[in-house]
Amino acid sequence: MEIIFNCPNCEQELSVDADGAGEQIKCPTCGETLTIPQKSTKPTVDSTPIGTPGSGPVNAISTSAAAKVELRLKVPVHQSPAAPLIEKPKPTIDAVAKGADKKIRIHTMRRAQCIESGHDKFDEKVTAYLNEVGEPNIIGIHPISYEIFDVGTQKVMVDFGVIIIYKG
């Protein structure tokens, strides 16, 4: 049988074998010397048999096995910030050295420059260029709108394109 009690200094829940009752131990959390009590200071589960006279109406939830499980949950208290649960791996020195010589560059692609034989190839050309640069090197892609003077129609036309900012 176990004796379950809390440290009077830090409230850390401790569980020891009943043979250790009356002995003095150091709390593993705060280091304070404390005496193990003779019996558990935690409340125990009611041992009144179900259906005995005077026990009141039977509640299926309170009589289930899950309700009889004693939960001993404590929130840990730390003096310093806790370590992150998931740490991102740091880049290797080789990777840092490879990226160190790359400069930020800009490439502008206009839709008017991507028309071949009357077919709009803008999407294919932008996709090909982005694949050439590589996803890790892309910093940003920004849409643009611009006006051009069409000599054939003698009108100002509005067109679009993208500015690609990348390391390379």
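What counts, and where the lines are drawn
- Counting restarts for each chain, with residues numbered from 1 along the sequence as it is written.
- pLDDT decides what is reported in this predicted model: residues at 70 or higher carry local features, side-chain atom pairs at 80 or more are listed and counted, and totals for whole chains, interfaces and linings draw on all residues regardless.
- Just so you know, side-chain values use all the structure's heavy atoms and leave hydrogens and water out.
- Under the DSSP-based scheme used, a helix requires at least four consecutive residues in state H or I and a strand at least two consecutive residues in state E, with every element numbered from the N terminus.
- Here's how the labels work: a residue is buried when its accessible area is under 20% of the maximum for its type, exposed when over 50%, partly exposed in between, all with a 1.4 Å probe on protein chains only.
- Reported accessibility uses the Shrake-Rupley method at a 1.4 Å probe radius. Residues are deemed covered only where the shown protein chains occlude them.
- Like-charged residues within 9 Å of one another, or nonpolar side chains (Val, Leu, Ile, Met, Phe, Trp, Tyr) within 5 Å, are grouped into patches, provided each residue has over 30% relative accessible area and no salt bridge.
- Counted as salt bridges are all cases of a side-chain nitrogen of Lys or Arg within 4 Å of a carboxyl oxygen of Asp or Glu.
- In this charge count, Lys and Arg are treated as positive and Asp and Glu as negative; neither His nor the chain ends contribute.
- For this purpose, a charge sits on NZ of Lys, CZ of Arg, CG of Asp or CD of Glu.
- We call two strands paired when DSSP finds no fewer than two bridges between them.
- Think of a nonpolar core as a cluster: buried Ala, Val, Leu, Ile, Met, Phe, Trp, Tyr and Cys residues, connected wherever their side-chain atoms sit within 4.5 Å.

Colleague: Now, about the overall build of the protein: what can you tell me, with residues and values included?
Modeller: The number of helices and strands found in the protein is 3 helices and 9 strands. For the protein, the α and β elements follow one another from N to C terminus as β-β-β-β-α-α-β-β-β-α-β-β. When each of the 168 residues of the protein is scored for burial, the buried share is 17%. Only carbon and sulfur atoms are counted for the fraction: they give 56% of the accessible area of the protein, which is about 13400 Å².

Colleague: Account for a negative patch on the surface, naming residues and giving values.
Modeller: Negative charge collects at one region of the surface, where Glu 2, Asp 17, Asp 19 and Glu 23 lie side by side. The exposure class of Asp 19 is exposed, given its relative accessible area of 68%.

Colleague: Hey, could you go over the pairing of strand 1 (residues 2–6) for me, with residue numbers and the actual values?
Modeller: Two elements, strand 1 and strand 2 (residues 13–17), share 5 bridges in a ladder whose sense is antiparallel. The residue bridging Ile 3 from the neighbouring strand is Val 16, located in strand 2. Taking the residues between adjacent antiparallel strands as the criterion, strand 1 and strand 2 are bridged by 6 residues, where Glu 11 takes a positive phi near 65°.

Colleague: Tell me about the environment of Val 77, and please be specific about residues and values.
Modeller: As for its position among the elements, Val 77 is in the loop between helix 1 (65–68) and helix 2 (93–100). Classification of Val 77 as exposed rests on a relative accessible area of 69%. Between the C-alpha atom of Val 77 and that of Thr 29, which follows or precedes it by 48 residues, the distance is 9.6 Å.

Colleague: Tell me about the nonpolar core, residues and numbers included.
Modeller: Membership of the largest hydrophobic core is limited to 10 residues, which are Met 109, Cys 114, Phe 122, Val 126, Tyr 129, Leu 130, Val 133, Val 162, Ile 164 and Tyr 166. Those elements that place two or more of their residues in this core are helix 3 (122–133) and strand 9 (155–167). Among the elements that make up this core, the one with the highest residue count is helix 3 (5 residues). Grouped together as the second largest cluster of nonpolar side chains are 8 residues, Ile 3, Leu 14, Val 16 and Cys 27 included.

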